[in-house]
Each structure stands twice: as C-alpha cells, then as structure tokens.
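Observations on the model geometry
Read off the chains here:
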Amino acid sequence: MKHYDILIVGAGISGIGAAIRLKQSGIDNFAVLEKGDALGGTWRDNTYPGCACDVPSALYSYSFAPNREWSRLFAGQEEIRQYIERTAAEHGVPAHVKFGTEMQRAQWSEQSRRWTVDTSAGTSTANAVIAAAGPWNEPLVPAIPGLDTFTGEVFHSSRWNHTYDLTGKRIAVVGTGASAVQFVPAIQPTVESLHLYQRTAQWVLPKPDHTLPGVERAILRRVPGAIRALRRVEYAIMESLGLGFRHPWILRMIQQVGKAQLRAQVRDPKLRKALTPDYTLGCKRLLLSNTYYPALTRSNVEVLANAVQSVRGNVVVGSDGAEREVDAIIFGTGFHILDMPIGSRVFDGEGRSLDDHWKGSPQAYLGTTVAGFPNAFVLLGPALGTGHTSAFMILEAQLEYLIQAVTQARNNGWTRMEPRREVQDAFNARVQEALATTVYNAGGCQSYFLDVNGRNSFNWPWSTDRMRQRLGRFDESAYDVSREPASATATSR
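Since this is a predicted model, take the numbers as computed values, not measurements.

Quick look at the nonpolar core
Among the nonpolar cores identified, the biggest contains 121 residues, and Ile6, Ile8, Leu22, Tyr60, Ile130, Phe183 and Val184 are the most heavily contacted of them. For this core, the element with the highest residue contribution is helix H11 (residues 391-412), accounting for 13 residues. Counting only domains with at least three residues in this core, you end up with domain 1 (2-138 + 336-483) and domain 2 (147-202 + 284-331). Discounting residues that sit within four places of it in the chain, tyrosine 60 has contacts with Ile13, Trp43, Cys53, Val55, Trp70, Ile80, Ser390, Ala391 and Phe392. By size, the runner-up hydrophobic cluster in this structure holds 23 residues, among which are Val9, Ala131, Ala364 and Val378.

A look at the packing of aromatic side chains
Working definition: an aromatic ring pair is given by the centre-to-centre distance plus the angle between the planes. Enumeration over the complete set of coordinates arrives at 24 aromatic pairs. Geometrically, the ring pair formed by tryptophan 160 and phenylalanine 183 is edge-to-face, given 5.2 Å between the ring centres and 65° between the ring planes. Taken as a pair, tryptophan 160 in the loop between strand E7 (153-156) and strand E8 (170-174) and phenylalanine 183 in helix H4 (residues 178-187) lie far apart in primary sequence, 23 residues in all. Using a relative accessible area of 9% as the deciding quantity, one classes tryptophan 160 as buried. Note on phenylalanine 183: relative accessible area 0%, which makes it buried. Each ring, one from phenylalanine 474 and one from tyrosine 479, has its centre 4.8 Å from the other, and the planes form 40°; the classification is tilted. By relative accessible area, which is 4% here, phenylalanine 474 ends up buried.

A word on a nonpolar patch on the surface
Together, Val215, Ile219 and Val223 give the surface a local cluster of nonpolar side chains, amounting to about 260 Å² of exposed area. Mapped onto the secondary structure, valine 223 falls in the loop between helix H5 (214-222) and helix H6 (226-246). By relative accessible area, which is 41% here, valine 223 ends up partly exposed.

Focus on the state of the cysteines
Under the definition given, this model contains one disulfide. Residue pairing for cysteine 283: its cysteine sulfur links by disulfide to cysteine 445, the two sulfurs lying 2.0 Å apart. Negative torsions about the S-S bond denote left-handed disulfides, and the value of about -100° found for cysteine 283 with cysteine 445 makes this one left-handed. Placement of the pair is cysteine 283 in the loop between helix H8 (269-274) and strand E11 (287-288) and cysteine 445 in the loop between helix H13 (439-442) and helix H14 (464-470), with a sequence separation of 162 residues. The exposure class of cysteine 283 is buried, given its relative accessible area of 0%. Distance from the sulfur of cysteine 51, which forms no disulfide, to the nearest cysteine sulfur (cysteine 53) is 8.9 Å. Of the residues examined, cysteine 53 reaches a relative accessible area of 3% and is grouped as buried.

Here we look at unusual backbone geometry
The backbone of lysine 359 shows a phi angle near 50°, a positive value even though the residue is not glycine. With respect to the secondary-structure elements, lysine 359 resides in the loop between helix H10 (354-358) and strand E18 (376-378). Residue leucine 380 is not a glycine yet carries a positive backbone phi of 55°. As for its position among the elements, leucine 380 is in the loop between E18 and H11.

Thoughts on the environment of isoleucine 394
With respect to the secondary-structure elements, isoleucine 394 resides in helix H11. Not counting residues within four places of it along the chain, the set of residues in contact with isoleucine 394 comprises Leu380, Leu384, Gly385, Thr386, Thr389 and Met467.

Side note on the environment of alanine 478
Tracing the backbone through its elements, the reader meets alanine 478 in the loop between H14 and strand E20 (479-482). With 58 residues separating them in the primary sequence, alanine 478 and arginine 420 have C-alpha atoms 6.0 Å apart. Sequence-distant contacts of alanine 478, that is, excluding residues within four places in its chain, are made with Tyr365, Glu418, Pro419, Arg420 and Val423.

A word on helix H7 (residues 248-265)
In an α-helix, one full turn covers 3.6 residues, which means residues spaced three or four apart are oriented alike. A rise of 1.5 Å per residue sets the reference length of H7, with its 18 residues, at 26 Å; its end C-alpha atoms lie 26 Å apart and thus fit the reference within 8%. Residues of H7 that are buried: Pro248, Ile250, Leu251, Gln255, Gly258, Gln261 and Leu262. For H7, the secondary structure elements touched by its buried residues are strand E10 (204-205), H6, H8, helix H9 (292-296) and H13.

Thresholds applied
- Residues numbered from 1 in each chain as written.
- Predicted model: local features only at pLDDT ≥ 70, side-chain atom pairs only at ≥ 80, totals over all residues.
- Heavy atoms only, no water.
- Core = buried A, V, L, I, M, F, W, Y, C linked by side-chain atoms within 4.5 Å.
- Buried < 20%, exposed > 50% of the residue type's maximum accessible area, 1.4 Å probe, protein only.
- Helix = DSSP H or I, 4+ residues; strand = E, 2+ residues; numbered from the N terminus.
- Domains from an automatic or database assignment.
- Contact = heavy atoms within 4.5 Å.
- Phe/Tyr/Trp six-rings, centres within 6.5 Å; stacked < 30°, edge-to-face > 60°.
- Patch = residues over 30% accessible without salt bridge, like charges linked within 9 Å, V, L, I, M, F, W, Y side chains within 5 Å.
- Areas by Shrake-Rupley, 256 points an atom, 1.4 Å probe, with all protein chains shown as cover.
- Salt bridge = Lys/Arg side-chain N within 4 Å of Asp/Glu carboxyl O.
- Disulfide = S-S within 2.5 Å.
- Expected span 1.5 Å × (residues − 1).

Written out as structure tokens, the structure is:
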C-alpha cells in the first residue's frame, strides 16, 4: 500500500494550484487523484457552444503564472483549458497525477494518525488530504417526473453531446443560469425551435469583451510588469463592484444598466416583462452577455416563464400546463454546489461523513478546515464564495494558508491538526451575522447560495482583501495539534 505525505482529490485549477504550491514548498511526496483522463476540471468538462469565462482573463489565472498571450479580455473555454494544461506542465504537475482514479472513500484513523483513501485503482494512505474537486463538479439535473420516458436526446450543458446535431431540431432548454446565457445564443441560429423554460428571470449586464488588438498583446508580452498591472486594475474594478454586494443600494443603481440593455434589446413589452427580475441585482449570480437578449427575440425562440412540471414521451409539460413537443432537452441547471458528492465520501475517525456533520449546511473554519476532520483541507469551500471576484483569488488565499499549515506541521512534527469546534462555530456565526445585510441574503431571491436548510453556506460577506488577510496567516491557537506518537490520543495546543 503506497503512502503519501498528501493526497489531492481533483486536477482542476484547485488541485493543480495545490500541487504547484506543494512542490514550491519542498513537498514532493504527494499524488493528485483525477477521475478523468485529462487536466482542467470544469474547463475540461464544459465544452458547450459559447463557453467562456465571465471574469477578465488577466484576473482568471494564477498570479505566479501570468499568461501574456490571452486573445480576448474574457477568454473562452479552450484557451483557458490550454493555459491550465500548459501551467501544470511547466511546473511538473502531470507526473504526480493518477488519471482515471476516482476517490471512493477517505477514512481518518485516530490510531495511526493517517487517512486511508480507497480509490477505483486501489488503496493508499496519507498524512493529509486536500479536497480540490470544487463546487462546480457534479451536474445537477432536476428530478422531473417522466423524464426517463423521453424518446429524444437529453444532456446537461456540462456534458454536452457534440455528436448530436442540433440543426433543424426542436429543443427545450431548462434553466437560465450562466451556462444557458452563453449556449442559447450559440445554438439559436441552427435549431428549428428553442423553448426556454425560465423559473426566474436573470439580471444580465453588458459584457465588456473584445479581442485584444495586436498592439495591446505586444505590450502585455514585452513590457515588464504590464500583465501584473492589468491584473491589479481588473482586481480594483471587481472589488469596487464587490462593495455593492455588501451595500445593496449600490447594486440597485447598477441594475439600471441591466434595465437599459433589456429595453434596448427587447422591444416586445410582454417578453420584456417576462425577462425583468423582481429582485436586486447580485442576489443571484451576476451574468454578462451582449447576445442573450437578442437571441430570445428571434422568431424561433419561445420564453416560457415557468418550470417544467413533467415529461410525457417527447412532450415537455410546463407548470402552466402548456405542452411542447421537442426532439431534445438540454439542462442548464447548474451543479451540486452545496451538496457536493465528496461530502458522502470523507469520514472522520468514528465513521461519520462530512454530510453527517453538516446536515445540509456545509461549514468549515475559514472555508478551509473542518472540525472533526484532522489533517484535511477543502479548497473553494463553504463561506468563501463571492459574486464579484475570480475563483483564483479565493484559491490562492487558501493555498497560502494551506502551505503555512503543512509547513508548520512538518517543522513542528505534528501528527494531528484540527480546528477547534468553538473557533469554527464562532467564525461561522460571524459570517451569518454579516451576511444578513448583504445582497446575497437581503436581495429578495432564492439562489444556489442558500442550502436545503435555507442557510447561506456559500458566500463570504466581506471584501476579498479581508479574505486574503484572514487566510494570510496560519494561527496555531485556533487548532488542536499533537506531537505525540501515532499510538497516542491526547492532544495539546
């Protein structure tokens, strides 16, 4: 049985970032478990037409591996995937990746002070585990009565069936989130008809995207510090927007831009009314598009402002009873954000899973470590999501914290490190108190930020600067740590 210092689960941007930082800190005895056959995570899996980032490219990248070759202000899926693969290769990450290896169960042993990790390729042990699968990993397909009787093609946007030709087909699109806003305009010109089922109207702002001209790309390529300067500018702009998420009155002013775009692009009053949200901008994920509204005005598109009630054969039945006969159903319904599959696969020393601890409301200390689960880390974990900044900013703040933690454990001979439950509880109580006045909680909508218990388990209620400060220093006093031999059970602080 192979033993590692650290096992990383997932080879997307989080797992790759963790691997690079571990190597930079002198830790080389680790492996990355990846169930797929390639790197990239969400940017490997999401290949739907029009797939692109909604965060500026210079900010959507590792700070330690700037890309001076972006072709657009907002990069597309293939360009991002290539950047991720190239960065991983440059830092020697692929040599540590176990492709086609799915983590099935991870169990902590209090006696051995190790994790036993069962995978589809066998069992290994590790001193520590890093859950890096992320929240945008497992597609969410609603349980619609009769869906299994559908006689046509069915797929989720993150599992796009490129072998199915949409040309001339009648398509039902279920969901109007970030993916649908991108793929609906891309497929609309080729289909016979597109029936868009919209439970809730979305705020859509103009996307300030453009191809970077040659002179601008030359400056980024040749002028020292140019890409970092652009990154700082983009960060400042996004943080200014983030101020509105903490003070919703600011976003109510900004949403006038969304209203103006809707008025300019949708002339039909009835359709415009159906597309007008009744909540404050930012309560749901902020969407950017210049082509979504125009696509919905085309003669072959129908917006059905209700949910899907059932499916009967090749007929989709809306909650208003209206029936539409279609050839294919495409789900743009997001992911298991707060009920991540890894929650049922990671177990404490008593055999209780993360799901058993969380009871539907994921919690961690600083979104990174979990009471009851020693020597374990969660990347892009609960209470760290924001509506305005790059996932790379959150990730790198966590990686700084993680590297400090594992370095101190190595230097001090700790065999066990676990956040104190009272510290974790106090942190999450402060988060919930601060969230109460943010647009996430007070914006008047139901979003994926809220878990099954109605608790906001997703968002960080303060600035990204504050997040970086909190995660910038590992505080031993927040943890129970042990230097005793593996057979001991006592802990000391």
